[in-house]
Every structure is written in structure tokens, then in C-alpha cells.
Amino acid sequence: QVQLVESGGGLTQSGGSLPLACRASGFSLGYVAIGWFRQGPGKELEGVSCIKYADATTNFKDSVEGRFTLSRDSAKNVVYLQMNSLKSEDSAVYSCAADLDPGTTCSLGRRAYEYWGQGTQVTVSP
């Protein structure tokens, strides 16, 4: 059974840090892309970052570039998103997703992803 499960998140103050993890089961991440998406109150779902396993290519939304970092543990099928210098506008439900047929680079568009996790809440107080 294909599953993606997020962990981490929580509450922090502006300027703080939070780690997120996405654990995949039921398939190998070796030839897929993992994307992170978020949706805040009254906002549309937006792509945050992604990583393509074949060549470790990453992509970041402009507003998180330099603040968020991606890493992976291939043996454990886990992708980590480290969020630093958090701002109140980063508050959202964060979800990870799997694209089983990535292109040259991973996509920040939701339509590319076939499997989704349940999401985890990130709240950043002003």
C-alpha cells in the first residue's frame, strides 16, 4: 500500500525553526520526486519545495529560498524539510506528495503529484 506520512510541525515564534519529515512506504523513492505543499487559511495550495531523487535536483518557492532546506535518507525513504527563520505567513498545513514520473526537474505544481500525505500543521506566531 502506497503511503506518505508527515511528521513534525507545531508552534513556534517568528524567527524560529521547525523540522518536517515525510516518510514513504509501498514504493521506492529512487526514481520519484517528493514535493512539499502548504495551504494557509483562506489561501490556495502552493508548492514550497521539491527534490528529485535521481539526481538530487531541488526546487524552492522564492519566498522560502534561503530559509528552508531539503535533505533525504534514501535507505529510510524519508525526506526532511528544515524550516528556519519562520514568518507568520508561513503558517499553514504542510503536506508532502510523490510524483512517480518526474521530468528534468521536480515540479512545484500540484498536478504533477499522484500521492499525498495527510498534512501537518505549522503555526508561527508574530
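What you are looking at is a predicted structure, and each value in this text was computed from that prediction instead of being measured. (Residues numbered from 1 in each chain as written. Predicted model: local features only at pLDDT ≥ 70, side-chain atom pairs only at ≥ 80, totals over all residues. Heavy atoms only, no water.)

How do you make sense of the overall build of the chain when you look at a structure like this?
Check the secondary structure of the chain and you find zero helices and eleven strands. When the elements of the chain are put in sequence order from the N terminus, they spell out β-β-β-β-β-β-β-β-β-β-β. Compactness check: the chain gives a C-alpha radius of gyration of 13 Å against a globular reference of 14 Å for 126 residues, within 12% of the reference. C-alpha atoms of the chain, sized along the principal axes, occupy 40 × 25 × 25 Å. Within the chain, buried positions represent 43% of all 126 residues. Taking as baseline every contact in the chain between residues at least 6 positions apart, the subset at least 24 positions apart corresponds to 60%. (Helix = DSSP H or I, 4+ residues; strand = E, 2+ residues; numbered from the N terminus. Rg over C-alpha atoms; globule rule 2.2 N^0.38 Å. Buried < 20%, exposed > 50% of the residue type's maximum accessible area, 1.4 Å probe, protein only. Contact = heavy atoms within 4.5 Å.)

Mind showing me how you'd approach the pairing of strand S7 (residues 68-73) here?
Each regular strand displays side chains that alternate between the two surfaces of the sheet. Pairing geometry for S7 and strand S8 (residues 78-83), over six bridges, is antiparallel. By the bridge assignment, Arg72 is partnered in S8 with Val79. Between S7 and S8, which follow one another and run antiparallel, lie four residues, and Asn77 among them has a positive phi close to 55°. (Pairing = 2+ DSSP bridges.)

Sorry, what's going on with the sheet that holds S7 here?
Hydrogen bonds along the backbone pair up the strands of a sheet, which may run parallel or antiparallel. Across the sheet, four strands lie side by side as S1-S3-S8-S7; this open sheet has antiparallel pairing. Both outer strands of the open sheet, strand S1 (3-8) and S7, are each paired with one neighbouring strand and no more. If you compare each strand with its neighbour and ignore which way they point, the axes differ by 20° on average. Sheet topology places S1 next to strand S3 (residues 18-25); six bridges connect them, and they run antiparallel. The partner of Val5 across the bridge, within S3, is Arg23. (Axes fitted to C-alpha atoms, helices over the stretch in contact; angles between N-to-C directions.)

Could you clarify how one ought to interpret the nonpolar core in this entry?
The tendency in soluble globular proteins is for nonpolar side chains to be buried side by side. The biggest cluster of nonpolar side chains holds 26 residues, and the ones touching the most others in it are Leu4, Ile34, Trp36, Phe68, Met83 and Tyr94. Of all the elements in the fold, those that place two or more residues in this core are S3, strand S4 (33-39), strand S5 (46-52), S7, S8, strand S9 (92-99) and strand S11 (120-125). Filtering out sequence-adjacent residues up to four positions away, Tyr94 remains in contact with Glu6, Leu20, Trp36, Phe37, Arg38, Val48, Phe68, Met83, Gly119, Thr120 and Val122. Within the second largest apolar cluster, six residues are counted, among which are Phe37, Cys50, Ala97 and Tyr113. (Core = buried A, V, L, I, M, F, W, Y, C linked by side-chain atoms within 4.5 Å.)

All quantities given are derived from atomic positions and should not be read as evidence of function.
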